[in-house]
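Report on the structure
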Amino acid sequence: SIGLLKEYIIQPFKDIGATVDLFIHTRKDAWWLPAAELPFRCLSVEENRNLDLSMILSDANPLEMGENAALSGRRAFLYQSYMQQYASLWAVWRLKLQAEEKDRQTYDWVVRSRPDCYLTEPLPVKDLTPNTVNFPWNDWWPYEMEGVRVETLTDKFAVGPSKMMDVYFNKVNWLSDFCRKYRIQGEAFTAWQLRIAGIPHLRHDKIKIEQSDLKYQFSYRPDKEERAR
């Protein structure tokens, strides 16, 4: 997916004459080694460690749901995986802000892309909807709030104007409010956050994302003795 990152995301911006800056935050696992080979402006790597779960834990999100794969239907460290993802988003956001402060200008477009995912075609840069956060049309999941089915958005990829993406990246400031009322789900949380913040967004019919067959292969539990070699 790193090769597709260059071909399908970075190159389409270069093709229209744009300058592309790449910001990466990762933990010391097997993902950071190939990431270090990318033409990044800034790469931040930290130790893989347990993060505080208090922003997630609530009656709607009891501890056992985040530690039991049979209950969550997913990994046995579900809450840790969410916290690590949102901590990385916050860290990348800080790197972007520092670059904008140094350059004394904001980016026209900011892209968020998970390293274990890839677009199926080059990003249609010229067809992006302006003044809006653009999401892939696929990879959204059903969710209900107060018994009503709501529209969700993939939490794996987004592209939008810098100021709007500031809200998207800063999920840690919204997490507690969501989790006090609702079961954590990245797609529902993403849609709720932007809706509450009044950020225009849409599922773009020319953007489709897929997840690598290697998903989670290098996502190590921070409380285990697993290390990248």
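Quick note: structure is the one above.
Residues numbered from 1 in each chain as written. Predicted model: local features only at pLDDT ≥ 70, side-chain atom pairs only at ≥ 80, totals over all residues. Heavy atoms only, no water.

1. Some words on the overall build of the chain
From N to C terminus, the chain includes 8 helices and 10 strands. Relative to its 229 residues, the chain shows a buried fraction of 48%. Considering only intrachain contacts with a sequence separation of at least 6, the fraction spanning at least 24 residues in the chain is 72%. Carbon and sulfur atoms form 49% of the exposed surface of the chain, whose accessible area is close to 12000 Å². (Helix = DSSP H or I, 4+ residues; strand = E, 2+ residues; numbered from the N terminus. Buried < 20%, exposed > 50% of the residue type's maximum accessible area, 1.4 Å probe, protein only. Contact = heavy atoms within 4.5 Å. Areas by Shrake-Rupley, 256 points an atom, 1.4 Å probe, with all protein chains shown as cover.)

2. Brief notes about helix H1 (residues 2–15)
Between its terminal C-alpha atoms H1 stretches 18 Å, which fits the 20 Å expected from 14 residues at 1.5 Å a residue. Along H1, the residues that are buried comprise Leu 5, Tyr 8, Ile 9, Ile 10, Pro 12 and Phe 13. Of the surrounding elements, those touching the buried residues of H1 are strand S3 (110–113), strand S4 (117–119) and strand S8 (157–160). Following H1 by one or two positions, Gly 17 has its phi on the positive side, about 90 degrees. (Expected span 1.5 Å × (residues − 1).)

3. Describing the packing of helix H5 (residues 78–103) against helix H6 (residues 162–169)
If you want to describe how two helices pack, look at the angle between their axes and the distance between the axes. It is the contact of H5 with H6, at a shortest axis distance of 9 Å, that shows an interaxial angle of 150 degrees. Taken together, the axes of H5 and H6 are roughly antiparallel relative to one another. The chirality of how H5 crosses H6 is left-handed. Here Leu 89, Trp 90, Val 92, Trp 93, Lys 96, Leu 97 and Glu 100 of H5 lie close against H6, whose contacting residues are Ser 162, Asp 166 and Phe 169. (Axes fitted to C-alpha atoms, helices over the stretch in contact; angles between N-to-C directions. Parallel < 35°, antiparallel > 145°, perpendicular 65-115°, else oblique. Left-handed = near helix turned anticlockwise from the far one by under 90°.)

4. Overview of the nonpolar core
Among the nonpolar cores identified, the biggest contains 41 residues, and Ile 56, Tyr 86, Phe 169, Leu 175, Phe 178 and Ile 184 are the most heavily contacted of them. Elements with a contribution of two residues or more to this core: H5, strand S5 (133–136), strand S6 (143–145), H6, helix H7 (172–181) and helix H8 (186–197). Beyond its immediate sequence surroundings of up to four residues, Phe 178 is in contact with Tyr 143, Met 145, Arg 183, Ile 184, Gln 185, Ala 188, Phe 189 and Trp 192. One finds Cys 117, Val 159, Ile 207 and Ile 209 within the second-largest nonpolar core, a separate group that totals 18 residues. (Core = buried A, V, L, I, M, F, W, Y, C linked by side-chain atoms within 4.5 Å.)

5. What about unusual backbone geometry?
Most peptide bonds adopt trans geometry, and most residues besides glycine take a negative phi value. Of note in this structure, Arg 104 is not a glycine but carries a positive phi near 60 degrees. The exposure class assigned to Arg 104 is exposed, which follows from its relative accessible area of 79%. With phi around 55 degrees, Asn 131 is a residue other than glycine that occupies positive phi space. Assignment of secondary structure puts Asn 131 in the loop between S4 and S5. In this structure Asn 131 comes out as exposed when scored by relative accessible area, which is 57%.

6. A short note on the packing of aromatic side chains
Enumeration over the complete set of coordinates arrives at 12 aromatic pairs. Each ring, one from Trp 174 and one from Trp 192, has its centre 6.2 Å from the other, and the planes form 85 degrees; the classification is edge-to-face. Of this pair, Trp 174 sits in helix H7 while Trp 192 sits in helix H8; the two residues are 18 residues apart in sequence, bridging distant segments of the chain. By relative accessible area, Trp 174 is classed as partly exposed at 21%. With relative accessibility at 9%, the residue Trp 192 sits in the buried group. Here the aromatic cluster, defined as three or more aromatic residues joined through ring pairs, consists of Tyr 82, Tyr 86, Tyr 143, Trp 174, Phe 178, Tyr 182, Phe 189 and Trp 192. Across the ring face of Tyr 168, the terminal group of Lys 171 is positioned such that the distance to the ring centre comes to 4.6 Å. Here the basic side chain of Lys 171 rests over the ring of Phe 189, its NZ or CZ set 5.1 Å away from the ring centre. (Phe/Tyr/Trp six-rings, centres within 6.5 Å; stacked < 30°, edge-to-face > 60°. Lys NZ or Arg CZ within 6 Å of the ring centre and 35° of its normal.)

7. Focus on the side chain of Asn 134
Checked against the element boundaries, Asn 134 lands in strand S5. Engagement of the side chain of Asn 134 in a polar contact is seen with the backbone nitrogen of Thr 129, the distance being 3.0 Å. Apart from the residues within four sequence positions on either side, Asn 134 is in contact with Trp 109, Leu 128, Thr 129, Ala 158, Val 159, Leu 202, His 204 and Ile 207. (Polar contact = N/O pair within 3.5 Å; in protein donor to acceptor, adjacent residues only side chain to side chain.)

8. A few points about the pattern of salt bridges
Counted by the stated rule, this structure contains 13 salt bridges. Among the ionic pairs, Lys 96 bridges to Asp 166, the shortest N-O distance being 2.9 Å. Here Lys 96 is found in helix H5, whereas its partner Asp 166 is found in helix H6, with 70 residues between them in sequence. Of the two residues, Lys 96 and Asp 166, both sit in the buried class. Across the salt bridge formed by Asp 116 and Arg 114, the nearest N and O atoms sit 2.9 Å from each other. In this pair, the class of Asp 116 matches that of Arg 114, namely buried. Salt bridges sharing common partners tie together Asp 139, Asp 155, Lys 156 and Glu 187. (Salt bridge = Lys/Arg side-chain N within 4 Å of Asp/Glu carboxyl O.)

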